[in-house]
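# Architecture and fold: a report
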Amino acid sequence: NFKTNVPIVTYEDIKPYIDRIANGETSSILFADPITQFIQSTGTSEGKPKLIPMTAESFEKRMVKPLLVDLVMKKCISGLDQGKSFYLFFVKPDMETPSGLMASLYTTSYFKTQIFKNGLAKFCTSPIDTILCLDNKQSMYCQLLTGLLLRDEVVRIGSSFASVLARSIKFLEDYWKELCSNIRTGYLSDWIADPACRNAMSSILTGPEPELADLIQQICEDKSWEGIIKELWPEVKCISSIVTGSMSQYIPLLEFYGGGIPLVSPNCGSSEACFGINLKPLSKPFDVSYTILPNMAYFEFLPVNNDGGGMSHETATVNKPVDLANVKIGRYYEVVVTTLAGLYRYRVGDILKVTGFYNKSPQFQFVERQNVVLSIDLDKTTEVDLSNAITKAKLVLEPLGIMLTTYSSYADTSLTPGRYVLFWELKMKGSNDLPKLDAKIMEECCGIVEESFDFTYKSLRKGGVISALELRVVKHGTFDELMDFYVSKGASISQYKPPCCLKSEEAVKLLNLGMVGTFFSPKTMF
Ligand code: AMP
């Protein structure tokens, strides 16, 4: 009855109800239990974060997941219960809807609960007030300082997503001298102005520790930082952070700094629901499978193409969803959830590949959505986002008689923070001449592209997690060489379409050879 009467929906279908509740109507228009808050998702709708309803019961039920993950890790990795976890956790300010309901990140709400404060937080190095500090820079500094002061007790290091760890290591590179000086003198830097942070740190940084400072300085002064995590935290048994899907780009970096410490990707989920946990924490990052926790939602699975594609709206009507126990190993599915908090047969958008079963519960690998072309940290820019942004920006060039003939892009994460790089092949209308490139105009194009990206991109960019967009102009004919390159690798000329995003280093190098100018959007975005 449920399946015949309730249609499969996307966020856009329920958005009118969410908007009405956010604007003051009773939440009973969507669900019997009262909605107590919204969870802000990194997924966006019309450029803004999606608001996912939450009830008291569903919020409480979710809090079981971190405990379960912790139990599994302790069972599989010995020594984890003999010390503390150096988790780098951060919060974001809450938003208030016109109706007075709060909209927060799930983790932000979770860190504020007594269950976290009296439970897992007791086994973390970071004092709760440093986690809850809204100034991420002060928060990061204090958490790193605590991690270093308590280095002998640290048995696990981690963050929710690998991108956060990458950022933390970069921060350590920039601030280790100041951190050492604080440890040496016993005085906390003056720019840590948050009273709660200062107060919390006063019981950890209790006096000068020159020997510890010398030791850390000696380790950090080493030219190569290969294996630095192991050297700074010698008792660490694992690095725990999500490294699957778009986060897999950080695996080489974490392996480099980790110096052989196992990388554990603990769980998989979204603001809408928790999907599963990793029951074999020590499996290699590229082999990680998560096991569905069947009581976290009512799960259905929409079959999609083997490459994770076929996610058009028609899929929902053409392909019948499959029940939890009936999925097939090796097949790809889009997750559909019915939750305790007002989502009914809701398409989350994430794609999973079934790899096996644990009892009757499916195990899966996380597959990045096919239409995501650029990703840094939690941003996911799709082919359509990119094409819309470029269509707007090139309007600036048209009155000048300049034509954008082809474009491509890639996410440059070789430096932290990473940036998106666009390649544009430009020529004059009516000839193949290279246009005169006016830096001001080209920079304006960069700005327009960034402006039209979504909320997540813009907030990461404003927060300094993504750096200024780069536009590399290449001379006429460069993209033909790119085609020759792909054809030499086996692509068919008749079906060739320039990739809107490059995954191969060779391809990037080839386009760089044709570069005639490079431009950046303004350093900071307001
Ligand atoms: P949010 O709804 O903002 O919490 O973001 C959740 C999104 O993060 C999911 O929809 C996934 O795209 C991504 N995500 C969550 N867990 C994993 C994982 N284990 N591996 C890769 N991506 C993940």
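Not measured: the values here are computed from a predicted model.

### What about the site of the ligand?
- The full set close to the ligand counts 16 residues, and Thr42, Thr244, Asn267, Ser271 and Asp350 are the nearest of them.
- In the model, an oxygen atom of the ligand is placed 3.5 Å from a nitrogen or oxygen of the serine 41 side chain.
- A distance of 3.3 Å is found between a nitrogen atom of the ligand and a backbone nitrogen or oxygen belonging to glycine 269.
- The fraction of the free accessible surface of the ligand (490 Å²) that becomes covered by protein chains is 89%.
- Of all the elements in the fold, those that place two or more residues in the shell around the ligand are strand 1 (37-45) and strand 9 (267-269).
- A per-element tally of the shell around the ligand places strand 9 first, with three residues.
- Here the shell around the ligand is composed, by residue class, of five nonpolar, eight polar and three charged.
- Per-domain counts for the shell around the ligand show at least three residues from each of domain 1 (1-55 + 268-369) and domain 2 (78-261).

### Overview of the pattern of salt bridges
- Applying the stated criterion across every chain, the model contains 17 salt bridges.
- Here aspartate 70 makes a salt bridge to arginine 156, at a shortest N to O gap of 2.6 Å. Linking aspartate 70 in helix 4 (residues 64-76) with arginine 156 in strand 6 (residues 154-161), this pair joins segments that are 86 residues apart in sequence. Arginine 156 carries the same exposure label as aspartate 70, and that label is buried.
- One salt bridge in this structure joins glutamate 235 and lysine 237, with 3.8 Å as the shortest N-O distance.

### What to know about the packing of aromatic side chains
- Overall, the coordinates contain 24 aromatic pairs when judged by the stated rule.
- With a centroid separation of 5.1 Å and an interplanar angle of 55 degrees, the aromatic rings of tyrosine 110 and phenylalanine 116 are classed as tilted. Side by side, tyrosine 110 and phenylalanine 116 carry an identical accessibility label, which is buried.
- On the accessibility criterion, phenylalanine 116 (1% relative accessible area) is buried.

### Focus: the sheet that holds strand 11 (residues 290-292)
- Spatial ordering of the open sheet is given by 9-10-11-16-15-14-12-13, a layout of eight strands whose pairing is antiparallel. Two strands close off the open sheet at either side, each with one partner strand: strand 9 and strand 13 (322-323).
- Here two bridges tie strand 12 (residues 298-304) to strand 13, and the two strands are oriented antiparallel to one another. Paired with glutamate 300 across the bridge in strand 13 is aspartate 323.
- Across the sheet, helix 4 touches strand 9 and strand 10 (274-277), and the angle it forms with strand 10 is around 10 degrees.

### With respect to a nonpolar patch on the surface
- On the surface, a cluster of nonpolar side chains totalling about 250 Å² of accessible area is made up of Phe2, Tyr298 and Tyr344.
- Structurally, tyrosine 344 can be placed in the loop between strand 14 (332-338) and strand 15 (346-358).
- Tyrosine 344 gets classed as partly exposed once you look at its relative accessible area, which sits at 31%.

### Observations regarding the packing of helix 9 (residues 162-185) against helix 13 (residues 251-258)
- For the pair helix 9 and helix 13, interaxial distance at closest approach is 10 Å and the crossing angle is 50 degrees. The angle between helix 9 and helix 13 falls in the class oblique. For helix 9 against helix 13, the interelement crossing comes out left-handed. The segment helix 9 lies against helix 13, with Ala162, Leu165, Ala166, Ile169 and Glu173 engaging Leu253, Leu254 and Tyr257.
- Across the contact of helix 9 with helix 13, the residue classes tally to seven nonpolar, no polar and one charged.

The rules behind the values
- Residues numbered from 1 in each chain as written.
- Predicted model: local features only at pLDDT ≥ 70, side-chain atom pairs only at ≥ 80, totals over all residues.
- Heavy atoms only, no water.
- Near = heavy atom within 4 Å.
- Polar contact = N/O pair within 3.5 Å; in protein donor to acceptor, adjacent residues only side chain to side chain.
- Areas by Shrake-Rupley, 256 points an atom, 1.4 Å probe, with all protein chains shown as cover.
- Helix = DSSP H or I, 4+ residues; strand = E, 2+ residues; numbered from the N terminus.
- Nonpolar A, V, L, I, M, F, W, Y, C, P; charged D, E, K, R; others polar.
- Domains from an automatic or database assignment.
- Salt bridge = Lys/Arg side-chain N within 4 Å of Asp/Glu carboxyl O.
- Buried < 20%, exposed > 50% of the residue type's maximum accessible area, 1.4 Å probe, protein only.
- Phe/Tyr/Trp six-rings, centres within 6.5 Å; stacked < 30°, edge-to-face > 60°.
- Pairing = 2+ DSSP bridges.
- Contact = heavy atoms within 4.5 Å.
- Axes fitted to C-alpha atoms, helices over the stretch in contact; angles between N-to-C directions.
- Patch = residues over 30% accessible without salt bridge, like charges linked within 9 Å, V, L, I, M, F, W, Y side chains within 5 Å.
- Parallel < 35°, antiparallel > 145°, perpendicular 65-115°, else oblique.
- Left-handed = near helix turned anticlockwise from the far one by under 90°.

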